[in-house]
Amino acid sequence: MPLHVPPAPAPALRSVLAALSSPTAVREARTPSLRAAQGPASPELPLPVYELDRITETTGRPTPARLTGWRFLVRCADRAVAAADTMLTPDGWAFSHFFEGPYITSTERALRQAESLPGTYQPRLLSVPELYMLTLWLHGDPTADPASGDPAADDILVPLAPAPPGIAAYRPHRVAELLPVLALRLTSPRAALLA
């Protein structure tokens, strides 16, 4: 199996488990699927979530990626019904919120697709807020500290659905190939279509 999923920080996992066991947290979540789930729910597949604050338009190279949280898929029976995000606070990792929507199923689909790729990767999520875009980031060093690192030129980014117009969801791209297109997209939205 080419994916090496890193363990989440223990406080992040504990905070999600505490939220899942809290009837108030689940009831107040804006996640009808989680509230309606029958049986126990468990957090699975922890992925570190990184953010590119901006892409330098002249070079296509990003500013350093920063770790913003850990995301867990919340599984009930045989399917993911929601996701739980954690965030880093001055006191350590803490539960942030539950959510549902298309990124849950698209994350699962992209991970299944990644399992068929040659090589071994550490899966992460990389957000590009400037384009309202989320990608599965397949980091080429499967033993790297999941709390650090920037996208390397040979790492793979898989845009998740819904992807920005003109960017094909689920199509794997090397970082060196996709970032210049995204940078061009920021300066001229019609000039950069990658289908």
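Right above here is the structure, for reference.
Keep in mind that what you see is a predicted model, and the values were worked out from it rather than measured.

Draft legend 1. Fine view of the layout of surface pockets. Computed from the structure, the second largest pocket encloses a volume of approximately 160 Å³. Here the residues of the lining of the second largest pocket are counted per class, giving seven nonpolar, two polar and two charged.

Draft legend 2. Main features of the pattern of salt bridges. By the definition in use, this model includes four salt bridges. Taking the shortest distance from any N to any O, the salt bridge between arginine 75 and glutamate 44 comes out at 2.9 Å. With arginine 75 in strand E2 (residues 66-76) and glutamate 44 in strand E1 (residues 41-51), the pair connects residues that are 31 residues apart, well separated along the chain. Judged by relative accessible area, which is 21%, arginine 75 ranks as partly exposed. Across the pair glutamate 108 and arginine 75 runs a salt bridge whose closest N-O atoms are separated by 2.7 Å.

Draft legend 3. Main features of the sheet that holds strand E6 (residues 133-139). What the eight strands build is an open sheet, ordered E4-E3-E2-E1-E5-E6-E7-E8; its pairing is mixed. In this open sheet, the two edge strands, each paired with only one partner strand, are strand E4 (92-99) and strand E8 (173-174). As paired strands, strand E5 (residues 122-128) and E6 are joined by seven bridges and run antiparallel to one another. Directly across from valine 128, in E6, lies its bridge partner methionine 133. Packing of helix H1 (residues 10-20) onto the sheet brings it into contact with E1, E2, strand E3 (79-89) and E4, and relative to E4 it is tilted by some 40 degrees. Packing against the sheet, helix H4 (residues 102-114) makes contact with E1, E2, E3, E4, E5, E6 and strand E7 (156-159), and its axis sits at approximately 25 degrees to E6.

What counts as what
- Numbering of residues begins from 1 in every chain and follows the order in which that chain's sequence is written.
- A pLDDT threshold of at least 70 governs which residues receive local features in this predicted model, and a stricter bar of 80 or more applies before side-chain atom pairs are shown or counted, although totals over entire chains, interfaces and linings include all residues.
- For side-chain calculations, the full set of non-hydrogen atoms in the structure is used, while hydrogens and water are omitted.
- Using only the protein atoms, space was sampled on a 1 Å grid; points where a 1.4 Å probe fits but cannot get out form cavities, open sets with protein on both sides within 12 Å along at least five of seven lines form pockets, and lining residues are those with an atom within 4 Å of a point.
- Grid points are joined across faces, edges and corners, and a volume is the space filled by probe spheres set on the points.
- In this classification, the charged set is Asp, Glu, Lys and Arg, the nonpolar set is Ala, Val, Leu, Ile, Met, Phe, Trp, Tyr, Cys and Pro, and all remaining amino acids, among them Gly, are polar.
- Should a side-chain nitrogen of Lys or Arg be within 4 Å of a carboxyl oxygen of Asp or Glu, the pair is scored as a salt bridge.
- A run of H or I in DSSP becomes a helix once it reaches four residues, and a run of E becomes a strand once it reaches two; helices and strands are each numbered from the N terminus.
- Summary of the burial criterion: residues with accessible area below 20% of their type's maximum are buried, those above 50% are exposed, and those between are partly exposed, where the area comes from a 1.4 Å probe applied to protein chains only.
- Paired strands are those between which DSSP finds at least two bridges.
- Residue contacts are counted whenever heavy atoms from the two residues lie within 4.5 Å of one another.
- Convention adopted: a line fitted to C-alpha atoms gives each axis, helices being fitted over their contacting stretch, and angles between N-to-C directions are expressed from 0 to 180 degrees.

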